[in-house]
Amino acid sequence: MILAELKKSLEEERDRLVTDLKSIARPHPGVAGEWDTQFPKFEPGESGSHASQEEEADEVEEYENRLAAEGSLETRLLAINRALERIAHGTFGKCATCSQPIPLERLRANPAAEHDMPHEKRIES
Ligand SMILES: [Zn+2]
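K.L.:
Which residues make up the overall build of the protein, and what are the values?
P.N.:
A count of helices and strands for the protein gives three helices and two strands. Taken from N to C terminus, the helices and strands of the protein fall in the order α-β-β-α-α. Buried residues in the protein amount to 30% of all 125 residues. Look at the contacts in the protein between residues 6 or more apart in sequence, and 49% of them connect residues 24 or more apart.

K.L.:
Hey, could you go over the nonpolar core for me, with residue numbers and the actual values?
P.N.:
With 20 residues, the main nonpolar core has Leu10, Ile80, Phe92, Leu107 and Ala112 as its most contacted residues. Among the secondary structure elements, those contributing two or more residues to this core are α1 (2-24) and α2 (53-89). Examining the composition of this core, we find that seven residues originate from one element, α2, more than from any other. Discounting residues that sit within four places of it in the chain, alanine 112 has contacts with Leu10, Arg76, Ala79, Ile80, Ala83 and Arg86.

K.L.:
Which residues make up the packing of aromatic side chains, and what values do they have?
P.N.:
A complete count under the given rule lists one aromatic pair for this structure. When the centroid spacing of 5.1 Å and the interplanar angle of 40 degrees are considered together, the rings of phenylalanine 39 and tyrosine 63 count as tilted. Here the residue phenylalanine 39 occupies a position in the loop between β2 (35-37) and α2, and tyrosine 63 occupies one in helix α2, the gap between them amounting to 24 residues. For phenylalanine 39, a relative accessible area of 40% translates into the label partly exposed.

K.L.:
Which residues make up a negative patch on the surface, and what values do they have?
P.N.:
Taken together, the side chains of Glu54, Asp58, Glu61 and Glu64 present a region of like negative charge at the surface. By secondary structure assignment, the location of aspartate 58 is in helix α2.

K.L.:
Can you lay out α2 for me, pointing to particular residues and giving the numbers?
P.N.:
Helix length check: α2, at 37 residues, gives a terminal C-alpha distance of 53 Å against a target of 54 Å (1.5 Å per residue), a fit within 8%. Just past α2, the residue glycine 90 takes up positive phi, approximately 75 degrees.

K.L.:
Describe the pattern of salt bridges, listing the residues and the values that go with them.
P.N.:
Scanning the model with the defined rule gives 10 salt bridges in all. Its salt-bridge partner being arginine 82, residue glutamate 114 comes within 2.7 Å of it at the nearest N-O pair. Taken together, the residues glutamate 114 in the segment after α3 (104-109) and arginine 82 in helix α2 connect sequence positions 32 residues apart. The buried category is assigned to glutamate 114, whose relative accessible area is 13%. Looking at arginine 82, the relative accessible area reads 38%, which means it is partly exposed. Here the salt bridges share partners, and the residues they tie into one network are Arg82, Arg86 and Glu114.

Rules of the game
- For every chain, the first residue of the written sequence is number 1, and numbering continues from 1 onward in sequence order.
- Selection of residues for local features in this predicted model requires a pLDDT of at least 70, selection of side-chain atom pairs for listing and counting requires 80 or more, and totals for whole chains, interfaces and linings are taken over all residues.
- To obtain the side-chain values, all non-hydrogen atoms of the structure were included, while hydrogens and water were left out.
- By definition, any uninterrupted DSSP run of H or I lasting at least four residues is a helix, any uninterrupted run of E lasting at least two residues is a strand, and each is numbered from the N terminus.
- When accessible area is computed with a 1.4 Å probe and restricted to protein chains, residues below 20% of their type maximum are described as buried, those above 50% as exposed, and intermediate ones as partly exposed.
- We call two residues in contact when some of their heavy atoms are within 4.5 Å.
- In these notes, a set of buried Ala, Val, Leu, Ile, Met, Phe, Trp, Tyr and Cys residues joined through side-chain atoms within 4.5 Å is what counts as a nonpolar core.
- Working definition: rings of Phe, Tyr and Trp (its six-membered ring) pair if their centres are within 6.5 Å, and the pair is stacked with planes under 30 degrees apart, edge-to-face with planes over 60 apart, and tilted otherwise.
- Patch definition: residues above 30% relative accessible area lacking any salt bridge, with like charges linked at up to 9 Å and the nonpolar side chains Val, Leu, Ile, Met, Phe, Trp and Tyr linked at up to 5 Å.
- Where accessible areas are quoted, they stem from the Shrake-Rupley method and a 1.4 Å probe; at the residue level, only the protein chains shown are allowed to cover.
- In what follows, salt bridge is the name for a side-chain nitrogen of Lys or Arg lying within 4 Å of a carboxyl oxygen of Asp or Glu.
- Positive charges come from Lys and Arg alone, negative charges from Asp and Glu alone, with His and the N- and C-terminal ends not counted.
- Charge positions are represented by NZ for Lys, CZ for Arg, CG for Asp and CD for Glu.
- Each residue after the first adds 1.5 Å to the expected span of a helix.

Structure below.
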């Protein structure tokens, strides 16, 4: 059955996203779906002293990369979870704007799609 197939791919993507998020962020306490990006701590140098200025600059750069990655992972995870909720509530596969059925090819390409083509928002892809 197609719905079971789409549900499975949504669940698989959700698990991958959570794994990726856990590597750079932690769940925000008390707020479901919110993640806090972790500041990277590189291993201390051989001297065992404080991080050099270059190391600190690398950490800041890595943190900025993580912030950007965390933002898009979190957004995607929320979309996946909304799709799984729609499956649970029996409203999956209908455009959130006009309630028309979303074409199956579109759902296969992106099971988290919330709109048909006329009402597509860029954020979905
Ligand atoms: Zn629509």
